[in-house]
Structure formats: structure tokens, C-alpha cells
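An overview of the molecular structure
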Amino acid sequence: MTMSPGWIDASLFRDFQAEGTDAHRLCTTADGWVERFGRDVVISFTTVLVRERLIQELKEWARDTLFNVGRVFARFVPRKSEQREPPRLICGDATENLQTIATERRLKFGIDFAVGFSVGLFPDQRENRSYVRRIAPKRLLNCFAYTCSFSVSAAHVGATTLNLDLSKKSLARGRENFVLNNLPTLGHRFIADDVMTILPRLARKGEKFDVIILDPPTFARSPGGKTFHVENDFEKLLVDSLELTERDSHILISTNCSTLRAHALEVMARYGLKAARRAGTFHRSPPLPDFPPGTGATSIWLTLR
């Protein structure tokens, strides 16, 4: 069998091992992808034929790279996000705990294959999390925080954090990620509420942050019925966030929405700066060696002047 060209090579796999990273992409094709979390692997597929092909290719790739695969999970990628389901175990011990731990540059993150389509860590944000560690902020605001991986990265270098997310369960997992890394949660806030409601309150209180993370879902609905559509609401989200920044603050603007690529994000960011009467510069984190161009989240960093 001829393998798809999208698999990472053995040298890159060894590089990940050496830096203490075992959460990353293994393969990307036009109709599916494969990711590793510790010894476990998740295959995301669009058709059953794709799933079977990737299973077979994984076996060959693991043999060539000497990777000892633990369990293999598979998840169908539907067109509508509300139809997404948790990964299903297709190979391995069914009695094993569905929770495990993955590492990224020596930091630990809890992984749960049972709670939903997303297992707890997005590998395509790896370089952005590393950038947070490099700039070592004092105060970080993590909007749509999910399991608080950006906040763990910031707390690791001494920051205090505010984590906002609609899901109490996700924030509870975020607290667990702090504990996994021997980081105290004292000095860190976890608020389960609508980001768009909380940001103006923070501005009225005069709160300021030197790093703000904006990586919203494509669509979200609050318990009160309010909806967030990234294409329609990202600009307001950015404008409200700018009220919480001072000179030299950094804002990550990131999305997985396929219609919002880098140019569109920069156009929105320039509109937000103009609306807020602010100025800033843009840069992007280095490309990820395990993600082909055009795949994964699209991100730009805005530095305020």
C-alpha cells in the first residue's frame, strides 16, 4: 500500500519527543487527519473509506517510526458542528480510563475522549501558547478559555489569569490542568458566563491586561439564548477587548472559520483599531511543521502602540 504524503517524517517525530511534546498532528490529508495525544491516537475522517485507509497507514507509519501506539479512536467530521460526536474507540483496551494526559513542551494537559468532539487540547495553537510563554505577561485574559491551556502557559511564567467560558465543566478541567502542572489556582479567576457580556463589565471596572486571547468558536449559544457568530461578531469582540488593553499589550486573533483567513482577520483588526482610535502592529507565529499550509487555525498577533 502506498501511503498518503501527509504523514510527518521520523525526524520531526523525534524532534517532538526531544522537546517534551506528545500532542501533535501525525497526518493531514484532504479528507481527514490523525493526531496524537500521548500514546493514544485520534483519527478524524469524512468517510468510512478514509477512516479505513488512515488506520492502515497509521500501522505502517508507526512501524517505520517505532511509535508504540496505545489506543486508536476515530471521530466522524460532519458538515454541521452540532452533529459532532465524541471519538469512538476502534482499537485498544476498552476497560482503560478514557481520561489521559498529554504534554506540550513539558507542560501537562488533561485529555478526555468521552466528553465531546474536542478532547481538551488544540495542537494547532501550540506556537501561540509558546509565544505567550516567551513574552511572559503579568495579566492574561483568556476569552472562550475552554480548558485554559493558554492560561496554564501564562501561569507557568508567572502571570495571573482570568478565564471566561460558558461551560463550567470546561473551566473545571482548566483548573485540573493547573493542578497537573503544580500551579496554584490562587490569583486566577474562572468565570462561567457569556464573554460578550463580561467584557464591558471589566472595562467599566477599569481592568487591564497585557495579553488577551481571542480564539472563539465559529458559533456559540449562551443559556439565555444569545448567539455568537464569528463572522458577524468578531469585530465587536475585538473592539470590546481593546478597551482592556494599554500600550504594548498583545491580542491573539484566531479562528478555525474557513471563510476568515489571515487577510480577513487583519482587515477586521484594522477596523477594530480605527473604531477604538488605537494603533498597532501585526505578526504571525512561525508555521507549524506538522500542519500543512492552509490547515489548522488562522492566527495573527496584534501588538498595541
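Below you will find a few notes about this structure. (Residues numbered from 1 in each chain as written. Predicted model: local features only at pLDDT ≥ 70, side-chain atom pairs only at ≥ 80, totals over all residues. Heavy atoms only, no water.)

1. Regarding the sheet that holds strand 5 (residues 88–91)
Strand order in the open sheet made by the 5 strands is 1-2-3-4-5, with mixed pairing throughout. For this open sheet the edge positions go to strand 1 (23–29) and strand 5, each flanked by a neighbour on one side alone. In this sheet, neighbouring strand axes are inclined to one another by 25° on average, regardless of whether the strands run parallel or antiparallel. Here strand 3 (residues 40–45) runs beside strand 4 (residues 72–76); their pairing, made up of 5 bridges, is parallel. Within the sheet, the bridge partner assigned to serine 44 lies in strand 4 and is arginine 75. (Pairing = 2+ DSSP bridges. Helix = DSSP H or I, 4+ residues; strand = E, 2+ residues; numbered from the N terminus. Axes fitted to C-alpha atoms, helices over the stretch in contact; angles between N-to-C directions.)

2. Some points on the sheet that holds strand 15 (residues 280–283)
Spatially, the 7 strands line up as an open sheet ordered 10-9-8-11-14-16-15, and their pairing is mixed. Unpaired on one side and paired on the other, strand 10 (189–192) and strand 15 mark the two borders of the sheet. Going across the sheet, the axis of each strand differs from the next one's by a mean of 15°, ignoring polarity. Against the sheet, helix 4 (residues 149–156) contacts strand 8 (139–143), strand 9 (160–165), strand 11 (211–214) and strand 14 (250–255), and its axis sits at roughly 170° relative to strand 8. Sheet strands touched by helix 8 (residues 262–276): strand 14, strand 15 and strand 16 (298–304). Its angle to strand 16, the strand with the most contacts, is close to 25°. (Contact = heavy atoms within 4.5 Å.)

3. Here we look at helix 6 (residues 195–204)
All of the buried residues in helix 6 are Val195, Met196, Ile198, Leu199 and Leu202. Viewed along the axis of helix 6, the buried residues span an arc of 160°, placing them on a single side of the element. Of the surrounding secondary structure, the elements contacted by the buried residues of helix 6 are strand 8, strand 9, strand 10, strand 13 (227–229) and helix 7 (230–242). Put simply, aspartate 194 is the residue that caps the front of helix 6, since its side-chain oxygen is 3.3 Å from the backbone nitrogen of methionine 196. Phi turns positive one or two residues past the end of helix 6, at glycine 206, with a value near 80°. (Buried < 20%, exposed > 50% of the residue type's maximum accessible area, 1.4 Å probe, protein only. Arc of directions from axis to C-beta. Polar contact = N/O pair within 3.5 Å; in protein donor to acceptor, adjacent residues only side chain to side chain.)

4. Details of helix 1 (residues 10–19)
Here helix 1 has its buried residues at Leu12, Phe13 and Phe16. Across the axial projection of helix 1, the buried residues extend over an arc of 105°, all falling on one side. Away from its buried face, by an angle of more than 90 degrees, helix 1 presents the exposed residues Arg14 and Ala18. Close packing links the buried residues of helix 1 with strand 1, strand 2 (32–37), helix 2 (48–65) and helix 3 (126–135). Positive phi appears at glycine 20, one or two residues downstream of helix 1, with a value of about 80°.

5. Topic: the nonpolar core
Counting 33 residues, the largest nonpolar core has Leu141, Cys143, Leu199, Phe234, Leu237, Ile251 and Ile253 as its most contacted members. Once you skip the residues sitting within four places of it in the chain, leucine 199 turns out to touch Leu141, Cys143, Leu164, Leu237, Asp240, Ser241 and Leu244. Membership of the second largest hydrophobic core comes to 20 residues, among which are Trp7, Ile55, Trp61 and Ala62. (Core = buried A, V, L, I, M, F, W, Y, C linked by side-chain atoms within 4.5 Å.)

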